[in-house]
Amino acid sequence: MNFGIIGCGVIAYTHATALKALEAEDCRLLACCDIVPEKADAFAARHGVPRVYHDDASILADPDVDIVCVCVPSGSHGEVCEMAAKAGKHIVCEKPLEITPERAAAAAALPEKYGVRMQSIHQRRTMPAAIAAREAIRQGKLGKVCLAEADLKYYRDQAYYDSGDWRGTWELDGGGCLMNQGVHGVDLILWMLDAQIDTVYGQAATLSHAIAVEDNAAAVLRMRDGSVCVIESSTSAYPGFSTSFSIYGEKGTIIFNDEGIVEWNFIDPTDAPPRPDRLGEAMGGSKSNVNITIDGHITLLRDMARAVRDGREPMLPPRDAVLAVKVICAVYESSRTGRPVKF
Ligand SMILES: NC(=O)c1ccc[n+]([C@@H]2O[C@H](COP(=O)([O-])OP(=O)(O)OC[C@H]3O[C@@H](n4cnc5c(N)ncnc54)[C@H](O)[C@@H]3O)[C@@H](O)[C@H]2O)c1
């Protein structure tokens, strides 16, 4: 399976490294492309990529490229994915899928419209603790889930925002601490809860960076069953903290963070699902944008290659990545208007 990477910046490195680890499984990084030619050339030299392109049309015209990893700024995901789908390429798209609910929905429709496969990257969904928590909730082992929390305290300095002219802009980042960093945790908590959202209450503010978008936000989500989910997100919280997820039910509680399981506590211990002995390495990133671990990307890229080979849908189709964008945009709207947003 021949992969191409479009956008040779920070996260492209993770894709290249993950693909290297998958070489024994018949995956090859054949081509890369960046509209800044020096970036494409330097990336190709560093990772030994045989074919280098400086515009999207050229890499998409390469008949040997089967799957493209779209690693361009978030607000360009939809446009680049649509070009790729039109060219018949299968697609791996970085998070967030797009930056508005409408554009995310359009991106989610691409596989059906063009008959291609598409995988979204939300690598935390591959964490054993998250998988076990979701399963326990689905099986009712926590009883009624009453309260959930996602605690997403990242730190990014001004130099981070200054390192790319798209960072911290509404046009291409689509938001700040929630849309860029927090989207991982928002996606994860909604996925674990299988969230049926009724109302979103949000507040967002720009407090410690010279950027247009928010660097602090908090949200309360009221679910259709009346339960409550609280999300706190920041890129101002020096030095950056382990992200943490708590799910409280009447019969049990699960809490885990980037370091491990904090609580795996059930009224009836015999009813507790197995506590994962390892958390998985699919986390990281709260202190810096360049220390993203690669386990999750390996799992999602391997699954994508197999999905294309076997003619099946990949494990994280883009329709599953729309809800996080919708919730984040609802937080922005609620903060702007001072009113709750009904789902
Ligand atoms: N999964 C994760 O943990 C994770 C981590 C970091 C970034 N990301 C996501 O990856 C995307 C890129 O982020 P980054 O930090 O690597 O950004 P970056 O600025 O480091 O890299 C983006 C690159 O894309 C290039 N580019 C822009 N438009 C292009 C186009 N149309 N065709 C080809 N190249 C183009 C730019 O020149 C730049 O080199 C974002 O959507 C971000 O949210 C995901």
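Report follows, based on the coordinates.

Reading guide: rules and limits
- Residues numbered from 1 in each chain as written.
- Predicted model: local features only at pLDDT ≥ 70, side-chain atom pairs only at ≥ 80, totals over all residues.
- Helix = DSSP H or I, 4+ residues; strand = E, 2+ residues; numbered from the N terminus.
- Buried ≥ 20, exposed ≤ 12 C-beta atoms within 10 Å, placed from the backbone.
- Pairing = 2+ DSSP bridges.
- Bend = angle between axes of the 7 residues up to and from the residue.
- Near = placed C-beta within 6 Å.
- Domains from an automatic or database assignment.
- Contact = placed C-beta atoms within 7 Å.
- Axes fitted to C-alpha atoms, helices over the stretch in contact; angles between N-to-C directions.
- Core = buried A, V, L, I, M, F, W, Y, C linked by C-beta atoms within 7 Å.

## Focus on the environment of Ile-254
Right, so step 1: Within the secondary structure, Ile-254 is located in strand S12 (residues 252-257).
Right, so step 2: Accessibility expressed as a C-beta count within 10 Å gives 30 for Ile-254, which makes it buried.
Right, so step 3: Along the chain, Ile-254 and Trp-264 lie ten residues apart, while their C-alpha atoms are 4.8 Å from each other.

## Some words on the pairing of strand S10 (residues 228-234)
Right, so step 1: Pairing of strand S7 (residues 145-153) with S10, which is carried by seven bridges, proceeds in the parallel orientation. Among the inter-strand pairings, Ala-150 is bridged to a residue of S10, identified as Ile-231.
Right, so step 2: Both strand S9 (residues 216-223) and S10 contribute to a ladder of seven bridges, which runs antiparallel. Note that in S10 the partner of Arg-222 across the bridge is Val-228.
Right, so step 3: Linking S9 back to S10 in an antiparallel pair, the connection comprises four residues, with Gly-226 at a positive phi of about 90°.

## Here we look at helix H9 (residues 177-193)
Right, so step 1: In the structure, H9 departs most strongly from a straight axis at Val-183, where the bend amounts to approximately 65°.
Right, so step 2: Of all 17 residues in H9, 17 are buried; the element is thus mostly enclosed.
Right, so step 3: In the segment just after H9, Asp-194 is the residue with positive phi, at about 50°.

## Notes on the site of the ligand
Right, so step 1: Neighbouring residues of the ligand: 28 residues in total, closest Gly-7, Gly-9, Val-10, Ile-11 and Ser-74.
Right, so step 2: Sort the elements by how many residues they give to the shell around the ligand and helix H1 (residues 10-21) lands first, with three residues.
Right, so step 3: Per-domain counts for the shell around the ligand show at least three residues from each of domain 1 (2-122 + 293-317) and domain 2 (124-290 + 323-342).

## Here's the deal with the sheet that holds strand S11 (residues 244-249)
Right, so step 1: Here eight strands make up an open sheet; going across it, the order is S13-S12-S11-S7-S10-S9-S8-S14 and the pairing mixed. Edge positions in the open sheet fall to strand S13 (261-266) and strand S14 (341-342), since each of these has one partner strand only.
Right, so step 2: Note: S11 against S12, five bridges, orientation antiparallel. Considered in S12, the bridge of Tyr-248 is made with Thr-253.
Right, so step 3: Strands in contact with helix H7 (residues 128-138) are S7, S11, S12 and S13; relative to S12, the strand with the most contacts, it is inclined by about 165°.

## Some thoughts on the nonpolar core
Right, so step 1: In terms of nonpolar packing, the biggest core is built from 101 residues, with Ile-5, Ile-6, Val-70, Val-186, Ile-189, Ile-328 and Val-331 touching the most fellow members.
Right, so step 2: In terms of residue count, the dominant contributor to this core is H9 (eleven residues).
Right, so step 3: The two domains that each donate at least three residues to this core are domain 1 (2-122 + 293-317) and domain 2 (124-290 + 323-342).
Right, so step 4: Not counting residues within four places of it along the chain, the set of residues in contact with Val-70 comprises Ile-6, Gly-7, His-77, Val-80, Cys-81, Ala-84, Ile-91, Val-92, Cys-93 and Glu-94.

## What to know about the sheet that holds strand S3 (residues 51-53)
Strands in a sheet are paired, the pairing made by backbone hydrogen bonds, and the direction either parallel or antiparallel.
Right, so step 1: With respect to topology, six strands assemble into an open sheet ordered S3-S2-S1-S4-S5-S6, the strand pairing being parallel. Two strands in the sheet have a free side with no partner beyond their single neighbour: S3 and strand S6 (118-120). Ignoring strand direction, the axes of neighbouring strands in this sheet form an average angle of 20°.
Right, so step 2: Of the strand pairs in this sheet, strand S2 (residues 28-33) and S3 are connected by three bridges, and their pairing is parallel. Bridge assignment links Cys-33 to a residue of S3, and that residue is Tyr-53.
Right, so step 3: Here H1 sits on the sheet in contact with strand S1 (2-6), S2 and strand S4 (67-70), set at roughly 170° to S1.

## A look at unusual backbone geometry
Right, so step 1: Lys-95 connects to Pro-96 through a cis peptide bond whose omega is -20°.
Right, so step 2: Its location among the elements puts Pro-96 in the loop between strand S5 (90-93) and helix H5 (101-108).
Right, so step 3: A positive phi angle, close to 70°, is found at Asp-26, a residue other than glycine.
Right, so step 4: In the Ramachandran plot, Asp-194 falls in the positive-phi region, its phi being about 50° despite a non-glycine side chain.
Right, so step 5: You can call Asp-194 exposed: it has 11 C-beta atoms within 10 Å.

So yeah, pure geometry; function would need other evidence.
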